[in-house]
Amino acid sequence: MYTRVERLLQQVGLPGLLDKFKESFFDDEALPCVTCKEDLSGIVPMGLALRFFDALKKDRDDPQGSRSTLDSLNSSSSEAHDSNTLVHDYYEQYPFLRVPENGIRLIERDFKLLYPQAENNFIDFWGEVAEKILILAKAKYEKEEKFRTHSSQALISETDLHVKEAEKRKVLALVLLPLLFSAPGNVNRNKRGIVPWKPSKQDCVNGFIFRSPDSCSYEDRLLEKKNFLATRKIAFQPITVAVGTLDNFSQSLVVIDDIKYSFKSVLEAFVFCFKSYFALNAQYPVECGSSYSFIQQHVFKIDIKSNSKSYRAVNDLINSLNCISASDSSSS
């Protein structure tokens, strides 16, 4: 077992880390294991994998302002990586992420190490923020025909806007969030020779929370989306998938590099999906970057850079929500 781990550390370019684990290594024999690369023909104890990630925390760079990365495993560069290959490359290099229960544990652990103060912020703050989003969405629904059209396309009815159950309201607010931002325009406008793409509001919604009425169709639709993005040289990034209806979601998933991670609820799935962007140093999807940046800034309380494309739009929405009083939220 010791030899297999030594080979793994040599493979990822950090054999010197082995000395940090020598004394306590064999204590991990009884812990759950994670699969190594095929050519290693073995397994790595989960306890070692966790400490391996922990030991690298101090070495992480910060290529995107507020985010940190696991990339110091193989590079000391502080430059942002090509989002078309980053996530896939991580999953090729660290195949233990492909075992769902281990991938969840490692990514959750990684985010906690990076932002310990933010770990539970979604649970603490989303309920209040969601209520204000619903108030703003209802007002737009009543006044703006375009908003009603976009809501209908996102499978949201006027009846849904008046749902009473707290958890459903929180999910509904997530689905509605992208509709409160403008679509990004041609996301390939500065790329020569690449097919242009101007995402619709529906694209923005589906890029944030991918909803499917049944489990039979979502995989085909996701593959169609992945192939569409590939023709435009755009990465297929981690995505939350909600199967069913607002009244009853039968499956809640996160899909990362074709690996499916299952969760008990849409909210749990979304939180994991959000955290994975930090652990994997992935770029937010081009069609819903503002929505993710809003969650980062206003809910998780992780600052976004002032020169971010989403900075102004995010702060405009935050200001609008701050104008809604607590009494308005309680009566909605």
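What counts and how
Residues numbered from 1 in each chain as written. Predicted model: local features only at pLDDT ≥ 70, side-chain atom pairs only at ≥ 80, totals over all residues. Heavy atoms only, no water. Helix = DSSP H or I, 4+ residues; strand = E, 2+ residues; numbered from the N terminus. Buried < 20%, exposed > 50% of the residue type's maximum accessible area, 1.4 Å probe, protein only. Areas by Shrake-Rupley, 256 points an atom, 1.4 Å probe, with all protein chains shown as cover. Axes fitted to C-alpha atoms, helices over the stretch in contact; angles between N-to-C directions. Parallel < 35°, antiparallel > 145°, perpendicular 65-115°, else oblique. Contact = heavy atoms within 4.5 Å. Nonpolar A, V, L, I, M, F, W, Y, C, P; charged D, E, K, R; others polar. Core = buried A, V, L, I, M, F, W, Y, C linked by side-chain atoms within 4.5 Å. Polar contact = N/O pair within 3.5 Å; in protein donor to acceptor, adjacent residues only side chain to side chain. Salt bridge = Lys/Arg side-chain N within 4 Å of Asp/Glu carboxyl O. Pairing = 2+ DSSP bridges. Right-handed = clockwise from strand over helix to strand, strands pointing away. Phe/Tyr/Trp six-rings, centres within 6.5 Å; stacked < 30°, edge-to-face > 60°.

Asks: So, the overall build of the chain: which residues are in play, and what are the values?
Replies: Secondary structure assignment for the chain yields 14 helices and six strands. Taking all 332 residues of the chain together, 52% fall into the buried category. Carbon together with sulfur atoms contributes 48% to the accessible area of the chain, which is approximately 15,700 Å² in total.

Asks: Break down the packing of helix α11 (residues 266-279) against helix α12 (residues 289-299) for me, citing the residues and quoting the values.
Replies: At a closest axis distance of 12 Å, the pairing of α11 and α12 adopts a crossing angle of 90°. One element, α11, and the other, α12, form an angle in the roughly perpendicular class. Where α11 approaches α12, its residues F270, C273, F274, Y277 and F278 are matched on the opposing element by Y292, I295 and Q296. Its residues placed into classes, the contact of α11 with α12 shows seven nonpolar, one polar and no charged.

Asks: Could you give me a rundown of the nonpolar core, with the residues and numbers involved?
Replies: Counting residues in each nonpolar core, the largest one holds 76 residues, and the members touching the most others are Y91, W126, F294 and I295. The element that contributes the greatest number of residues to this core is α11, accounting for 11 residues. Here Y91 is in contact with L97, R98, I107, I256, D257, I259, Y261 and L280, once residues within four sequence places are set aside. Grouped together as the second largest cluster of nonpolar side chains are 13 residues, Y218, F236, I239 and L253 included.

Asks: So what's going on with the side chain of R169? Residues and values would help.
Replies: The topology assignment puts R169 in helix α8 (residues 166-176). You can call R169 buried: its relative accessible area is 5%. A distance of 2.7 Å separates the side chain of R169 from the side chain of E131, its partner in a polar contact.

Asks: Give a detailed account of the pattern of salt bridges, specifying residues and quantitative values.
Replies: With the rule as written, the count across this model stands at 12 salt bridges. Of the charged contacts in the structure, one is a salt bridge between E219 and K260, with a shortest N-O distance of 3.8 Å. Taken as a pair, E219 in helix α10 (residues 215-231) and K260 in strand β6 (residues 259-263) lie far apart in primary sequence, 41 residues in all. Taken together, the shared-partner salt bridges in this structure form one network comprising E92, R98 and D257.

Asks: Could you give me a rundown of the packing of α8 against α11, with the residues and numbers involved?
Replies: At their nearest, the axes of α8 and α11 sit 10 Å apart, and the two run at 40° to each other. Judged by the angle between their axes, α8 and α11 are oblique. The segment α8 lies against α11, with E167, K170, V171 and L174 engaging V266, L267 and F270. In the contact of α8 with α11, the residues fall into five nonpolar, no polar and two charged.

Asks: Which residues make up the pairing of strand β4 (residues 239-245), and what are the values?
Replies: With six of seven residues buried, β4 is to be regarded as a mostly interior element. Pairing of strand β3 (residues 209-212) with β4, which is carried by four bridges, proceeds in the parallel orientation. Residue pairing in the sheet places I209 in a bridge with T240 of β4. Crossover handedness for the path β3 to α10 to β4: right-handed. In the sheet, β4 pairs with strand β5 (residues 248-256) via seven bridges, with the strands oriented antiparallel. When the sheet's bridge partners are listed, G244 is paired in β5 with F249.

Asks: Mind laying out the packing of aromatic side chains, listing which residues take part and the relevant values?
Replies: Tallied over the entire structure, the rule returns 20 aromatic pairs. Centre to centre, the rings of Y277 and Y292 are 5.0 Å apart; their planes meet at 55°, and the pair counts as tilted. On the criterion of sequence distance, the pair formed by Y277 in helix α11 and Y292 in helix α12 is long-range, its members being 15 residues apart. This pair shows no difference in class: Y277 is buried, exactly as Y292 is. Ring geometry for Y284 against Y292: centres 5.0 Å apart, planes inclined by 15°, an arrangement best described as stacked. Of the two residues, Y284 and Y292, neither departs from the other in class, the shared state being buried.

Asks: Let's hear about unusual backbone geometry: which residues, and what values?
Replies: For D258, which is not glycine, the phi torsion reads 75° and is therefore positive. Along the chain, D258 turns up in the loop between β5 and β6. With relative accessibility at 47%, the residue D258 sits in the partly exposed group.

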